[in-house]
Amino acid sequence: MLKGLRDVPRVVWLLAAGVFVNAVVSFTFVFVFMYLTGPRGLGTAQAGLAVGVGGIGMVAGNFTGGWYGDRFGHRRVLLAAATLGGLALTALPLLSTPLLCAALPLAQYASGVIRAANAALVAVTVPEGARRQAFAVVRCVSNGGFTLGPPLGALVATVLSYDWLFLADGIGTLVFAWWTARVVPARGASRAPAAGGPGGRGLRAELRARPAVAVLLAAVFVVDLVYRQQYSTFPVFLADHGFDVRAFGFVIALNGAVILLLELPAAVALRERPPLAVVGSGLVLVGAGYAALLAGAGVVEAAVMMVLLSLGEILYKTTATAYVADQAPEHAAGRFQSLYAGVSVSGVVLGAPLGGALYCAAPGLLWPACAALAGGAGGAVLWMSRKAERPGAGRGPRHGAGPAVPHPAPAGRVTGGGTGGATLGRAGGATGS
């Protein structure tokens, strides 16, 4: 495993350290509903509406962050969004409740831009062949931070107050901006051309030339609606069968444990496997996880469901992110990452209302529907993988369908970051500060 991780540039490890610290103090996402219904005195419906609108802001930020980066530089966009987001979070406790509800979507929008810009920055920093490992490193440390964060946040809210959660989250985001400015240099190559400009086609044309990417994006959109049921209808399902919140906490803890233990080894072990085959298999495993609930509503079935879901997540999320980065033309690297980032969090807004409506209308249909949707999405990606592997299909090093696309910049030269890019050593990390 260590041999495979040596291909990850030092600057990615440094950036991952900042991601970890920021993830530990990212309390707002976990505790905002309790804050609104508790100290702020909102009703459940009002708080749900505020959180839902905030989720729309986050999804919108994911969809647009890469677009900004392609035009202004991914490093510059990441720094601006982290600075504005950090300031907004620290100010939230000082605002009146109406102003807080209005500012929350803006803070969440900045969070979405940060996520997309960070993914694009990794994509343009790491050469093809090491991106799966690089994205796995960032995901692993992020999950580790989120595992530590909620218990720490609960302690802070209990001993001090909820206001300190927003302050810590805001300061952590500002520290992340400062850290990124230090570890990712601003000097380097000139910015890539904007879409439709010299040297680049528009985004629609680029996607039409890469049908496998379009199929993957559609499949991930569908599966994210299914995947997010673990946070909405699944705990209701457990409660309806006599289990309390402790059972749900145990099952969710399994998700974090499996990912922390296996994501990096899996990324290294499967780095030479065709990416679409790995992604399709992961989506099918997500469907198999929900199919396990058809056997019953016991703790064993719930644990099996979560293990299968976690294994599917390990296979598809990192690999799909890297595949989209590998397929992206140089002038649209950020936009490709934004498309993936946006569809990969679509379930945050749509999953709960759609799943909740089906569960209320026909509880027995929810898990078969989830299994069928995820299985069908995985089958579509596996079909594209087999199509790409056929003789004469134009398969290149990316194992993708459609014409070959330009390779990323050489390992020592990166486009799209900061004031135009960053000069990064292949194994030695950043040059300059």
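Structural notes, computed from the coordinates. (Residues numbered from 1 in each chain as written. Predicted model: local features only at pLDDT ≥ 70, side-chain atom pairs only at ≥ 80, totals over all residues. Heavy atoms only, no water.)

**Concerning the overall build of the chain**
In step 1: Per the secondary structure count, the chain includes 17 helices and four strands.
In step 2: A separation of at least 24 residues holds for 83% of the contacts in the chain among residues at least 6 apart in sequence.
In step 3: Summed over its atoms, the accessible surface of the chain is roughly 17500 Å², and 69% of this surface lies on carbon and sulfur atoms. (Helix = DSSP H or I, 4+ residues; strand = E, 2+ residues; numbered from the N terminus. Contact = heavy atoms within 4.5 Å. Areas by Shrake-Rupley, 256 points an atom, 1.4 Å probe, with all protein chains shown as cover.)

**A closer look at a nonpolar patch on the surface**
In step 1: Together, L152, L155, V159, L160 and W164 make up a nonpolar patch on the protein surface, roughly 500 Å² of accessible area in all.
In step 2: The leading source of residues in the nonpolar patch is helix 7 (residues 131-159), at three residues.
In step 3: Given the relative accessible area of 45%, W164 is considered partly exposed. (Patch = residues over 30% accessible without salt bridge, like charges linked within 9 Å, V, L, I, M, F, W, Y side chains within 5 Å. Salt bridge = Lys/Arg side-chain N within 4 Å of Asp/Glu carboxyl O. Buried < 20%, exposed > 50% of the residue type's maximum accessible area, 1.4 Å probe, protein only.)

**Side note on the packing of helix 6 (residues 97-125) against helix 7**
In step 1: Two elements in contact, helix 6 and helix 7, have axes separated by 10 Å at closest approach and are oriented at 145°. Considering the relative orientation of helix 6 and helix 7, their crossing is right-handed. Contacts between helix 6 and helix 7 pair N118, A119, V122 and A123 from the former with R131, A134, F135 and V138 from the latter.
In step 2: Classifying every residue of the contact of helix 6 with helix 7 gives six nonpolar, one polar and one charged. (Axes fitted to C-alpha atoms, helices over the stretch in contact; angles between N-to-C directions. Left-handed = near helix turned anticlockwise from the far one by under 90°. Nonpolar A, V, L, I, M, F, W, Y, C, P; charged D, E, K, R; others polar.)

**Re the nonpolar core**
In step 1: Ranked by size, the top nonpolar core spans 45 residues in total, and within it L216, F234, Y290 and Y316 carry the most contacts.
In step 2: When contributions to this core are tallied by element, the ones reaching two or more residues are helix 10 (211-227), helix 11 (233-240), helix 12 (245-269), helix 13 (275-291), helix 14 (299-327), helix 15 (333-343) and helix 17 (363-389).
In step 3: Per element, the largest residue contribution to this core is nine residues, and it comes from helix 10.
In step 4: Apart from the residues lying within four places of it in its own chain, the contact partners of Y290 are V226, Y227, Q229, Q230, M305, L309, W367, C370 and A371.
In step 5: One finds V77, F176, A177 and V184 within the second-largest nonpolar core, a separate group that totals 28 residues. (Core = buried A, V, L, I, M, F, W, Y, C linked by side-chain atoms within 4.5 Å.)

**As for the packing of helix 10 against helix 15**
For any two helices packed against each other, one specifies the inter-axial angle together with the distance between the axes.
In step 1: Where helix 10 meets helix 15, the axes come as close as 8 Å, and the angle between the chain directions of the two elements is 25°. Classified by the angle their axes make, helix 10 and helix 15 are roughly parallel. Of the residues in helix 15, those touching helix 10 at V213, L216, L217, V220, F221 and D224 are F336, L339, Y340 and V343. (Parallel < 35°, antiparallel > 145°, perpendicular 65-115°, else oblique.)

**Let's talk about the environment of G112**
In step 1: Along the polypeptide, G112 turns up in helix 6.
In step 2: Each C-alpha atom, one on G112 and one on G55, is 9.4 Å from the other, the two residues being 57 residues apart in sequence.
In step 3: What G112 contacts, discounting residues up to four positions off in sequence, is M58, G61 and N62.

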